[in-house]
Amino acid sequence: MKSQPILIKGGRVIDPAGGHDARADVLIKNGTIADVAKTIAGPDGARVIDASGLVVAPGFIDLHTHLREPGFEDKETVATGTRAAAKGGFTTLCAMPNTKPPADNPATIDYVLRKAREDGVVRVLPIGCVTKASAGKELAEMGELAQAGAVAFSDDGHPVGDDNLMRQALAYASAFDLPISNHCEVDELFQGGVMNEGWVATRLGLRGVPNSAEEVMAARDISLAALTGGRIHLAHISTAGTVEIVRRAKEQGVAVTCEATPHHLTLTEQAVLGRLDDNGPFEPLTTASYNTYAKVNPPLRTRKDVDAVVRGLKDGVIDIIATDHAPHNRTDKLCPMAEAAFGISVLETALGSVLSPVHGKAVGLPRVIEALTAAPARILKRTDIGTLRKGAQADVVIFDPDASWTVDTSKFVSKGKNTPLEGATLKGRVTATIFGGAVVYEAKA
Amino acid sequence: MATRTILNADEIRRTLARMAHQVLEHNRGVEGLALVGLLTRGYPIAQRLATWIETIEGAAPPVGALDISLYRDDLAGKMRPTIHRTDIPFPIEGRRVVLIDDVLYTGRSIRAAMDALTDFGRASSIQLGVLVDRGHRELPIRADFVGKNIPTARDEEVAVRLAEIDGADEVLIVNSVKTA
Amino acid sequence: MTMPARARKPEPYAGAAVALPRKHVLDLDDFTLDEIETTLQNTDAMREVLGREIRKVPTLRGKTVLTVFYEASTRTRVSFEQAGKVLSADVINVSSSGSSTEKGESLYNTALTLQAMNADIIVMRHPHSGAPYFLARHLKSCVINAGDGTHAHPTQALLDMYTMKRHFGKLQGLKVVIVGDILYSRVGRSNLWGLTKAGAEVTLCAPPTLLPPDFMSTSRQHHDHPFANVRVETNVEKAVEGAHVVMALRLQLERQRSGHLPSLREYSRMYCINPRRMALAHPDALVMHPGPMNEGIEIDPEVAHGARSVIEEQVTNGVAVRMALLYSVVTPVPSERRPS
């Protein structure tokens, strides 16, 4: 149905790239944005979508997703992951390379792109490894990966631990003008930790990861970026300290960008106790404690850190929101904390989560949308996505920012049902997602 | 909840005095006798009986305390009562043991008490003395010495209060609240 | 032969102490003070049973107690086994060596197998914190935690508290010092919960690298913090001064390798509970240790086997405490037990 024009009428169109935030109609023709204006008379045969009371924005761009294919198809595939993305309002996904085989070679990059063409319903942009097999020992053939279509490099899952190797990587990647996204975590301070270091970890008898594990490497990466002129992007930052480190670096003009996930913008370490609020940190543990669905890397931190991350997003210190969608199968999480896999399935709850600080008046809706559209597009250096300007890709999301709904993982499209938000009530839901002019998701009435 | 007094302090005193005589008569004196009171309220009653026996006969039988919680058959799914220390500081072997309890009802406590006692040794005989028999037996158990027979309805409760534990002596029947 | 007119009055029976309607014993953090006192009272009664000629009562007849130990431990496992058997339970031991766990079977699948065995009570020891909570979440059986990772060891803490109460008559106001590897000690943690609830004055003593980081910070100043009044001391002489109970914790020998300590020798010089240090404690002070001991490292042999040591008594009390807990948990009624 790509050929049928679509007229989206009467929604609040928020397009930060174009500086728009007003009630308007949006016309889509031939897979691109044809017009955005106060009133548009649709051409004959156009499908009309009534968006009154809803928000219309460019389709969201996720710089950090784990599609798990090739190699971990029991957790997710390109087919299921892109469908989950569409349900969450995402029309562009950057696929992390920690697959099996890892995307440290052009063949795997080709495979992912082919799978996306054949089975996917939204755009997939592959990310290549920084080092061979993400082992942190030798640089991957970044030139080949870039030519094959990689849009960034990352060893995500692991940090690039060797300081000198990171220096070389940043310098080398600058030749392709592609960023390196680093998972900031000093191994020696991480030491098999499973959650944030602090009171909750102490009383649960679990090994904690201190804030310093992230901050030390964030500071290192920024220093190396300044040294080499390379582009550094800090993945999923989680601490108040990291926000400050990035703030100071940006003030000094270092080319650093960074992202925060929906869960690091909303959830604290209390989720490990089985709680989604800040109450009862001293109450007795229950059988809901040791919630493996809250086990994620970097860990969920304290309220102080969450508030700082939200402020960082508001101030623009944190450039973008990225999901770090990390689906796992049931067995991977059905075990004691120490044995459980790290990761949360995020794509289908992302919007509801990131609207929580908006509803709480801690950050404005246009800024959040910018962090999901214009800002990631800037990092990817693309002018045809993350925007509703005329001629841009017809990637559009329509959502109801006030719709309340309860998270029911049995209804998830993703194979990953692993989220601490099971049973939680979120406010904000996608009603339709359009990719390249075709409707790829529509909420049932 | 409605309550009515069945025995007051004086009546309890006279009843126990009479029971002490009955025990002595049945057992032809104190020789080889022992009293074992079921905790919690059977024990002070046993102690008082021992004092009465000493007054009448000049010598008191030894008194033991027995907690039957560990021998009960009706605890499934229910809260666990606190256990108190069993203390039987004399050999059971060859003795005539009189078990003493405050209220005899279904008979299950006595069944449990007999099981417990058997673990301590082989008594030459076991007798039973109770302050109140309220009927509704579920097992073939009968008391040898009864202070007072009180017919009751199943939804009533017989409450025995003793000075040693409750500060005063009385036996009450407590009705559960009946709808008008 | 006339016997004394009145037999010795048994331990206090006045007042109906609270019955324990609990399903699991996972840690002491969810025990009320009443429940702790009831447990200690029941332990006393159980100790009497252990002193009888026929050490058997029919309380758990027909019930199945499974001991599932993923960590080697003869002492605790035997203690639970004995406790179960005195109560006439059928005790079955599942130890980790040679069982399906070594073949890589997940804890979840093992749990389903245990469930199918209709276990009434599962006693579990596991190297990962939270494992008993995982079992309790997925099974209908009662779960008793015999030690999980570095998190909790509630039965040990209860027997420690029982031992202290037996000697001093009360726990309120008692000065208790716990010395050693607090950071990794589940015994220390459960004792902290139990003793603070009972109103004891607790001091933790260890080098800074063996204390939980948040205990060194000001975060405990929160008014609701359960350990707000716990004293933290890095100097052992200051810590044991006037103490009624000195509890030495076992030092895992790999702490030196992992960078927590420069050497065991230094730890011993600075923290070993020796006669010179015990002289600073209260004249009636007790010395305790959960065992097994590294004699010469955290505790001097002379102190370990000296007059003030109650270490062997702790073991005896352990069986009584475990009997009290096996008695207290409300096992599923037979209709609940049958697999659905």
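Here is what the cut-offs are and how they apply
- Every chain is numbered on its own, with residues counted from 1 as its sequence reads.
- Labels are handed out in written order, letters beginning with A for the chains and numbers beginning with 1 for the ligands.
- For this predicted model, a pLDDT threshold of at least 70 governs which residues receive local features, and a threshold of 80 or more governs which side-chain atom pairs are given and counted, while totals over whole chains, interfaces and linings are taken from all residues.
- Excluding hydrogens and water, the side-chain figures rest on all heavy atoms present in the structure.
- Per the convention used, a helix needs a DSSP run of H or I reaching at least four residues, while a strand needs a run of E reaching at least two, with both numbered from the N terminus.
- Here the term buried applies to any residue with accessible area under 20% of the maximum for its type, exposed to any over 50%, and partly exposed to those in between, with areas from a 1.4 Å probe on protein chains only.
- Any two residues whose heavy atoms approach within 4.5 Å are treated as being in contact.
- Each accessible area is a Shrake-Rupley result for a 1.4 Å probe, and residues are judged covered by the shown protein chains and nothing else.
- Residues adjacent in sequence count toward polar contacts only when both atoms are side-chain atoms; beyond that, a polar contact is any pair of N or O atoms within 3.5 Å, and within protein one must be able to donate a hydrogen and the other to accept it.
- What pLDDT reports is the predictor's confidence in each residue, on a scale of 0 through 100.
- Where each domain begins and ends follows an automated or database-derived domain assignment.
- Simply put, the buried area is the total loss of 1.4 Å probe accessible area from both parts when two parts are fitted together.
- One speaks of a salt bridge when a side-chain nitrogen belonging to Lys or Arg is within 4 Å of a carboxyl oxygen belonging to Asp or Glu.
- Two strands make a pair as long as DSSP finds a minimum of two bridges between them.
- When the strands point away from the viewer, a crossover counts as right-handed if the path from the first strand over the helix to the second runs clockwise.
- Throughout, an axis means a line fitted to C-alpha atoms (over the contacting stretch in the case of helices), and angles, computed between N-to-C directions, take values from 0 to 180 degrees.
- In this classification, the charged set is Asp, Glu, Lys and Arg, the nonpolar set is Ala, Val, Leu, Ile, Met, Phe, Trp, Tyr, Cys and Pro, and all remaining amino acids, among them Gly, are polar.
- Two rings belonging to Phe, Tyr or Trp (six-membered ring only in the last case) form a pair when the distance between their centres is within 6.5 Å. Interplanar angles under 30 degrees mark stacking, angles over 60 mark edge-to-face geometry, and anything in between is tilted.
- Over a ring means this: the NZ of a Lys or the CZ of an Arg is within 6 Å of the ring centre and within 35 degrees of the ring normal.
- Buried Ala, Val, Leu, Ile, Met, Phe, Trp, Tyr and Cys residues form a nonpolar core when they are joined through side-chain atoms within 4.5 Å.

## Observations regarding the overall build of chain C
No. 1: Each helix and strand counted, chain C has 13 helices and nine strands in total.
No. 2: Looking at the 340 residues of chain C, the share that counts as buried comes to 59%.
No. 3: The long-range share in chain C, meaning contacts at least 24 apart out of those at least 6 apart in sequence, stands at 76%.
No. 4: Carbon and sulfur atoms make up 51% of the accessible area of chain C, which totals about 13700 Å².

## Considering the side chain of Thr 155 of chain C
Residue and element names in this part refer to chain C.
No. 1: Mapped onto the secondary structure, Thr 155 falls in helix H5 (residues 154–168).
No. 2: Using a relative accessible area of 0% as the deciding quantity, one classes Thr 155 as buried.
No. 3: A polar atom in the side chain of Thr 155 sits 3.0 Å from the side chain of Arg 322.

## Some details on the confidence of the model for chain C
Where the model shows low pLDDT, its predicted coordinates should not be examined in detail.
No. 1: Averaged over chain C, the pLDDT score is 87; the fraction of residues at 70 or greater is 88%.
No. 2: The complex model carries a pTM of 0.90, and its ipTM stands at 0.89.

## So, the domain arrangement of chain C
Residue and element names in this part refer to chain C.
No. 1: Under the domain assignment, chain C is made up of domain 1 (28–152 + 317–331) and domain 2 (154–311).
No. 2: Here the C-alpha centre of domain 2 lies 26 Å away from the C-alpha centre of domain 1.
No. 3: Facing 28 residues of domain 1, the contacting portion of domain 2 comprises 24 residues.
No. 4: Both faces considered, domain 1 and domain 2 share a buried interface measuring about 2200 Å² in area, 64% of it formed by carbon and sulfur atoms.
No. 5: Considering only the side of domain 1, the residues that lose the most area to domain 2 are Leu 28, Leu 40 and Thr 150, jointly responsible for 29% of the buried surface there.
No. 6: The interface formed by domain 1 and domain 2 contains one salt bridge.
No. 7: The partner of Arg 186 in a salt bridge is Glu 71, and the shortest N-O contact between them spans 2.9 Å.
No. 8: The tally of links between domain 1 and domain 2 comes to eight residue pairs in polar contact (both at pLDDT 80 or more).
No. 9: When residues of the side of domain 1 that touches domain 2 are traced back to their parent elements, those giving at least two are helix H1 (33–50), helix H2 (74–86), strand S3 (121–126), strand S4 (142–148) and helix H12 (311–328).
No. 10: When residues of the side of domain 1 that touches domain 2 are assigned to their parent elements, the largest contribution, seven residues, is made by H1.

## Topic: the pairing of strand S6 (residues 60–65) of chain A
Residue and element names in this part refer to chain A.
No. 1: Counting buried residues along S6, six of its six residues qualify, which places the element largely inside the surrounding structure.
No. 2: Examined bridge by bridge, S6 and strand S7 (residues 90–95) share four bridges and lie parallel to one another. Note that in S7 the partner of Thr 65 across the bridge is Ala 95.
No. 3: Taken together, S6, helix H1 (residues 78–88) and S7 form a β-α-β motif whose crossover is right-handed.

## As for the environment of Phe 145 of chain B
Residue and element names in this part refer to chain B.
No. 1: Along the polypeptide, Phe 145 turns up in strand S6 (residues 145–149).
No. 2: A sequence separation of 17 residues divides Phe 145 from Leu 128, and the C-alpha atoms of the two residues are 6.4 Å apart.
No. 3: Apart from residues no more than four positions distant in its own chain, Phe 145 is found in contact with Met 19, Gln 22, Val 23, His 26, Asn 27, Val 98, Gln 127, Leu 128, Gly 129 and Val 130.

## Structural notes on the sheet that holds strand S8 (residues 170–175) of chain B
All names here are of chain B.
No. 1: Taken in spatial order, the three strands line up as S1-S8-S7 in an open sheet, and their pairing is antiparallel. One side of each edge strand has no neighbouring strand; the edge strands of this open sheet are strand S1 (2–7) and strand S7 (156–161). Between one strand and the next, the sheet's axes are offset by a mean angle of 25 degrees, whatever the strand orientation.
No. 2: The sheet contact formed by S1 and S8 spans five bridges and is antiparallel. Paired with Thr 5 across the strands is Leu 172, a residue of S8.
No. 3: Contacts between helix H1 (residues 9–27) and the sheet are confined to S1 and S8, with S1 contributing the most and set at about 40 degrees to the helix.

## Observations regarding unusual backbone geometry
No. 1: Residue Pro 298 of chain A follows Asn 297 of chain A across a cis peptide bond; omega there is 0 degrees.
No. 2: Mapped onto the elements of the fold, Pro 298 of chain A is located in the loop between strand S14 (256–260) and helix H9 (303–315).
No. 3: Leu 39 of chain B connects to Thr 40 of chain B through a cis peptide bond whose omega is 10 degrees.
No. 4: Among the secondary structure elements, Thr 40 of chain B is positioned in the loop between strand S2 (33–38) and helix H2 (42–57).
No. 5: Within the chain, His 136 of chain B stands out as a residue other than glycine whose phi angle is a positive 65 degrees.

## As for the sheet that holds strand S8 (residues 245–248) of chain C
All names here are of chain C.
No. 1: In spatial order, the strands read S7-S6-S5-S8-S9; together these five strands make up an open sheet with parallel pairing. Edge positions in the open sheet fall to strand S7 (231–233) and strand S9 (286–288), since each of these has one partner strand only. On average, each strand axis in the sheet is tilted by 20 degrees relative to the strand beside it, whichever way the strands run.
No. 2: Here strand S6 (residues 201–205) pairs with S7 via three bridges, running parallel.

## Some points on the interface of chain C and chain A
The extent of an interface is frequently quoted as the accessible surface area lost upon association of the parts.
No. 1: Between chain C and chain A, the residue contacts involve 30 residues of the former and 23 residues of the latter.
No. 2: A buried area of about 2100 Å², summed over both sides, lies between chain C and chain A, and 63% of it is on carbon and sulfur atoms.
No. 3: Contact with chain A buries area across many residues of chain C, yet His 128, Tyr 133 and Arg 137 of chain C alone supply 22% of it, more than any other trio.
No. 4: For the pair chain C and chain A, the number of links is one salt bridge.
No. 5: Put simply, Asp 29 of chain C and Arg 203 of chain A hold a salt bridge, and the shortest N to O gap is 2.9 Å.
No. 6: Joining chain C to chain A, the criterion identifies 14 residue pairs in polar contact (both at pLDDT 80 or more).
No. 7: Elements with a contribution of two residues or more to the side of chain C that touches chain A: helix H3 (107–116), helix H4 (131–138), helix H6 (186–197) and helix H7 (213–216) of chain C.
No. 8: Grouping the amino acids of the side of chain C that touches chain A by side-chain chemistry returns 14 nonpolar, nine polar and seven charged.

## Section: the packing of aromatic side chains
No. 1: Counted according to the given criterion, the structure contains 10 aromatic pairs over all chains.
No. 2: Look at Trp 199 of chain A and Phe 227 of chain C: their rings are 5.9 Å apart centre to centre, the planes differ by 80 degrees, and that puts the pair in the edge-to-face class. Of this pair, Trp 199 of chain A sits in helix H6 (residues 199–204) while Phe 227 of chain C sits in the loop between H7 and S7, placing the two residues on different chains. Comparing Trp 199 of chain A with Phe 227 of chain C shows no difference in burial state: the two are buried.
No. 3: Taken together, Trp 199 and Phe 282 of chain A together with Trp 193 and Phe 227 of chain C form an aromatic cluster joined through their ring pairs.
No. 4: The cationic tip of Lys 295 of chain A hangs over the ring face of Phe 342 of chain A; the distance from NZ or CZ to the ring centre is 4.6 Å.
No. 5: We note Arg 134 of chain B situated over the ring of Tyr 105 of chain B; from NZ or CZ to the ring centre the distance is 3.8 Å.

## Topic: the nonpolar core
No. 1: Within the largest apolar cluster, 237 residues are counted, with the highest numbers of intra-cluster contacts made by Leu 234 and Phe 399 of chain A.
No. 2: The leading source of residues in this core is H12 of chain C, at nine residues.
No. 3: Each of domain 1 (28–152 + 317–331) and domain 2 (154–311) of chain C gives at least three residues to this core.
No. 4: The residues contacting Leu 234 of chain A, other than those within four sequence positions of it, are Asn 182, Cys 184, Ala 218, Asp 221, Ile 222, Thr 242, Val 246, Val 256, Thr 257, Cys 258 and Glu 259 of chain A.

## Observations regarding the pattern of salt bridges
No. 1: A full pass over the atoms with the stated rule returns 51 salt bridges over all chains.
No. 2: Two residues, Glu 283 of chain A and Arg 275 of chain A, come together in a salt bridge whose shortest N-O distance is 3.3 Å.
No. 3: Between Asp 169 of chain B and Arg 48 of chain B there is a salt bridge; the shortest N-O distance is 2.9 Å. Of the two residues, Asp 169 of chain B is situated in the loop between helix H4 (163–166) and S8 and Arg 48 of chain B in helix H2; the sequence distance between them amounts to 121 residues. Comparing Asp 169 of chain B with Arg 48 of chain B, the two get one shared label, buried.
No. 4: Among the ionic contacts, a cluster of salt bridges with common partners joins Asp 73, Arg 108, Arg 111, Asp 115, Glu 138 and Arg 154 of chain B.

## Section: the side chain of His 24 of chain C
Residues and elements named next belong to chain C.
No. 1: Within the secondary structure layout, His 24 lies in the segment before H1.
No. 2: Given the relative accessible area of 14%, His 24 is considered buried.
No. 3: Engagement of the side chain of His 24 in a polar contact is seen with the backbone nitrogen of Val 143, the distance being 3.0 Å.
No. 4: With sequence-adjacent residues up to four places away left out, His 24 is seen in contact with Ala 136, Ser 141, Cys 142 and Val 143.

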